[in-house]
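Residue strings, one per chain:
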Amino acid sequence: MSRAGPAAGGAPGGAALITGGAGGIGLAIALRLQEEGWPVILCDIDEAALEKAQDACGGKARTLALDVSDKDTLEAAAQGYDEEGLTVSALVNGAGLLQDVMTLEDLEPERNRRIWEVNYFGALYCTQVFAGRMAARGRGAVVNITSINEQRPLPLYAYAPTKVALGALTQLSAAEYGPSGVRVNAVAPGFTLTPLFKQKIEAGLRSTDALESHCALGRLVEPAEIAAAVAFLLSNDASAITGVSLPVDCGWLARSHHMNFHDLKA
Ligand SMILES: NC(=O)c1ccc[n+]([C@@H]2O[C@H](COP(=O)([O-])OP(=O)(O)OC[C@H]3O[C@@H](n4cnc5c(N)ncnc54)[C@H](O)[C@@H]3O)[C@@H](O)[C@H]2O)c1
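The shown structure was predicted, so the numbers you read here are calculated from the model rather than taken from an experiment. (Residues numbered from 1 in each chain as written. Predicted model: local features only at pLDDT ≥ 70, side-chain atom pairs only at ≥ 80, totals over all residues.)

Along the backbone of the chain there are 10 helices and seven strands. Over its C-alpha trace the chain gives a radius of gyration of 18 Å, about what one expects of a compact globule, namely 18 Å for 266 residues. In terms of overall dimensions, the chain has a C-alpha envelope of 65 × 40 × 35 Å along the principal axes. Buried positions account for 42% of the 266 residues belonging to the chain. (Helix = DSSP H or I, 4+ residues; strand = E, 2+ residues; numbered from the N terminus. Rg over C-alpha atoms; globule rule 2.2 N^0.38 Å. Buried ≥ 20, exposed ≤ 12 C-beta atoms within 10 Å, placed from the backbone.)

As structure tokens, then:
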């Protein structure tokens, strides 16, 4: 069998670079990939959070402090790795800005632009820089972290469209890089109990009961469950899978739609 993607477990033969690696979901992904034998590079704009994340990884992860929306800096980092002989054979585009619920009229152009810069252009530039190099080597895998908003947009007027666009980029780059041995997929998380999300619940900004009742499994997602799906899609167990988006949402997409139908009753 041709081994187009990194091997499952063992020695993958290259590093996994995780953008947003100091965040709730990104760090969970890093910890899981380390367990699977990947050398991990945590990439994030928040230097203080990167230090803490590196500690959580037992000091074994490398860090890369940059803004994913700055393509020149990304290219310089990749060239530095080339000179060092460090191969990045997996990319997880996890860096993202979340958004508060607001009306369409209240969406400020500057905030809208910044969310697009990070959530969409950041992932696009990382794909060009790192997946482009994987394609030249004939091997690699990418996972984009989208959202349930990719498949059913919620009233988050900047965030939701960026995730729809990232879903489109997943299919486009899968088609572009597939012939060169690089697979590109997405994981679409539902409401996930990251430290930040837990803070929102504790502050009374989100109702766990309401959220859980919209999930077929009656509970919210743990960051480690997102990480497990990412690890699978990067592994050679997913060697025939490319261009898909896998919801990891405790059945939110299924159940919320189902509930809408019951609301239509007279
Ligand atoms: N938490 C959820 O319920 C949930 C649900 C669906 C999708 N997601 C997606 O999962 C991903 C991770 O979210 P999270 O909940 O862990 O959020 P988080 O805020 O904990 O993590 C996001 C990380 O991205 C980093 N980041 C922001 N801008 C950056 C930039 N310009 N360059 C580099 N790094 C940058 C932040 O510093 C942070 O560490 C995001 O793409 C988010 O949209 C989260």
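Right, let's talk about helix α4 (residues 109–137) for a bit. With 29 residues, α4 extends 40 Å from end C-alpha to end C-alpha; this agrees with the ideal 42 Å at 1.5 Å per step. Residue Phe 121 marks the point of greatest curvature in α4, where the axis turns by about 40°. (Expected span 1.5 Å × (residues − 1). Bend = angle between axes of the 7 residues up to and from the residue.)

This brings us to helix α9 (residues 223–234). When the terminal C-alpha atoms of α9 are compared, their 17 Å separation across 12 residues agrees well with the 16 Å that a helix rising 1.5 Å per residue should span. Where α9 is concerned, the buried positions are Pro 223, Ile 226, Ala 227, Ala 229, Val 230, Ala 231, Leu 233 and Leu 234.

Among the six residues of strand β4 (residues 88–93), six are classified as buried, and the element is accordingly described as predominantly covered. Pairing between strand β1 (residues 15–19) and β4: five bridges, direction parallel. Across the sheet, residue Leu 17 finds its bridge partner in β4, namely Leu 91. Two elements, β4 and strand β5 (residues 140–145), share four bridges in a ladder whose sense is parallel. When the sheet's bridge partners are listed, Ala 90 is paired in β5 with Ala 141. Note that the unit made of β4, α4 and β5 has a crossover that is right-handed. (Pairing = 2+ DSSP bridges. Right-handed = clockwise from strand over helix to strand, strands pointing away.)

A word on the site of the ligand. Every one of the 29 residues lining the ligand counts as a neighbour, but Gly 20, Gly 23, Gly 24, Ile 25 and Gly 96 are closest to it. Contributions of two or more residues to the shell around the ligand are made by α1 (24–35), α4 and α7 (195–202). The biggest single contributor to the shell around the ligand is α1, with three residues. Split into classes, the residues belonging to the shell around the ligand amount to 14 nonpolar, 12 polar and three charged. (Near = placed C-beta within 6 Å. Nonpolar A, V, L, I, M, F, W, Y, C, P; charged D, E, K, R; others polar.)

Quick look at the packing of α4 against helix α6 (residues 159–177) now. Closest axis-to-axis distance for the α4/α6 pair is 9 Å, and the angle between their directions is 15°. It follows from the interaxial angle that α4 and α6 lie roughly parallel. The handedness of the crossing between α4 and α6 is right-handed. Residues Ile 115, Trp 116, Asn 119, Tyr 120, Ala 123, Leu 124, Thr 127, Ala 131 and Ala 135 of α4 form the contact with α6, whose own contacting residues are Tyr 159, Thr 162, Lys 163, Ala 165, Leu 166, Leu 169, Ser 173 and Tyr 177. In terms of residue class, the contact of α4 with α6 is built from 12 nonpolar, four polar and one charged. (Axes fitted to C-alpha atoms, helices over the stretch in contact; angles between N-to-C directions. Parallel < 35°, antiparallel > 145°, perpendicular 65-115°, else oblique. Left-handed = near helix turned anticlockwise from the far one by under 90°. Contact = placed C-beta atoms within 7 Å.)

Moving on, we get to the sheet that holds strand β2 (residues 40–44). Ordered by their spatial adjacency, seven strands build an open sheet running β3-β2-β1-β4-β5-β6-β7, and the pairing between neighbours is parallel. Either end of the sheet is taken by a strand with one partner, and the two such strands are β3 (62–65) and β7 (245–248). The sheet shows a mean angle of 20° between the axes of neighbouring strands, taken without regard to direction. Strand direction decides the pairing type here: β2 and β3, joined by four bridges, are parallel. Across the sheet, Cys 43 pairs through a bridge with Leu 64, a residue of β3. This element, helix α2 (residues 47–56), spans β2 and β3 of the sheet and lies at about 155° to β2. Lying over the sheet, α4 contacts β1, β4, β5 and β6 (182–189), oriented at roughly 160° with respect to β4.

With that settled, consider the pairing of β2. Taken across its five residues, β2 has five buried, putting it largely inside the fold. Note that β1 and β2 share four bridges and pair parallel. Across the sheet, residue Thr 19 finds its bridge partner in β2, namely Cys 43. Handedness of the crossover is the feature at issue here: the chain leaves β1, passes through α1, returns alongside β2, and the resulting connection is right-handed. The parallel pair β2 and β3 is bridged by α2, and the resulting crossover is right-handed.

In this section: the environment of Ala 90. As for its position among the elements, Ala 90 is in strand β4. Looking at Ala 90, the number of C-beta atoms within 10 Å reads 30, which means it is buried. In this structure the C-alpha to C-alpha distance between Ala 90 and Leu 17, which are 73 residues apart in sequence, comes to 6.2 Å.

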